[in-house]
Amino acid sequence: NYPNDYEVKFNLAQILIWQNNLCEAVEIANNLAQSLPEKIEYLLLAAKINFWLEKDFTYTQSLYERVLIIDPKNTEAKFGLANLYIRDKNFSGAEKLIREVSTIDSTSNDFNMLKNNFSSAKNQKRINELNLVLDEARIYSARKDYYYSIKSFNKYLVSDPNNKSVKLELADVYLASS
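Residues numbered from 1 in each chain as written. Predicted model: local features only at pLDDT ≥ 70, side-chain atom pairs only at ≥ 80, totals over all residues. Heavy atoms only, no water.

1. A look at unusual backbone geometry
Positioned with a positive phi, Asn20 is a non-glycine residue whose angle comes to about 60 degrees. Examined against the element boundaries, Asn20 turns out to sit in the loop between helix 1 (5-18) and helix 2 (22-35). Since its relative accessible area comes to 63%, Asn20 is described here as exposed. If you check the backbone angles, Lys144 has positive phi at about 65 degrees while not being a glycine. Turning to its location among the elements, Lys144 is positioned in the loop between helix 7 (109-142) and helix 8 (146-159). By relative accessible area, which is 60% here, Lys144 ends up exposed. (Helix = DSSP H or I, 4+ residues; strand = E, 2+ residues; numbered from the N terminus. Buried < 20%, exposed > 50% of the residue type's maximum accessible area, 1.4 Å probe, protein only.)

2. What to know about the packing of aromatic side chains
Under the counting rule described, the total for this entry stands at 5 aromatic pairs. Judged by centre distance (5.3 Å) and plane angle (40 degrees), the rings of Phe10 and Tyr42 are tilted. Taken together, the residues Phe10 in helix 1 and Tyr42 in helix 3 (residues 40-52) connect sequence positions 32 residues apart. Among the residues examined, Tyr42 registers a relative accessible area of 3% and is labelled buried. (Phe/Tyr/Trp six-rings, centres within 6.5 Å; stacked < 30°, edge-to-face > 60°.)

This is the structure we're talking about:
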């Protein structure tokens, strides 16, 4: 019993991945996913490689979603889609999938990595938001608009009340404004 062309191409794509030749592997995997859109293994392979290459995320998302239409409990697709949502900063979508996966698999390394990625991404978003507030405070201060500078520094300090360097900057602004 010989393998058919699709199985050979699937194996070739996997070999190309192992050889770190993702560009050729993704072409083969995408062709397989388009040729046999009901074959979960082909869809997952194409989705994973597209994700790794940071290719068209809309297409990658559609591959994972197609898997979930065929097999709504497929954890690999849920993991992949959750990671895609995290990368795309769709935290509500990622959180929903993480909750779903936690009922099936809450102890694996993959699940723990997913939770850590989610937490790190949310923390990074919060840090970026706070840095914008701090930049805003400094811009107002440079423009000698002390009222708004003080408001922005205080807004920042609500989230990071023990930041001594920011407190010193705020003190300088108070001194400059008097």
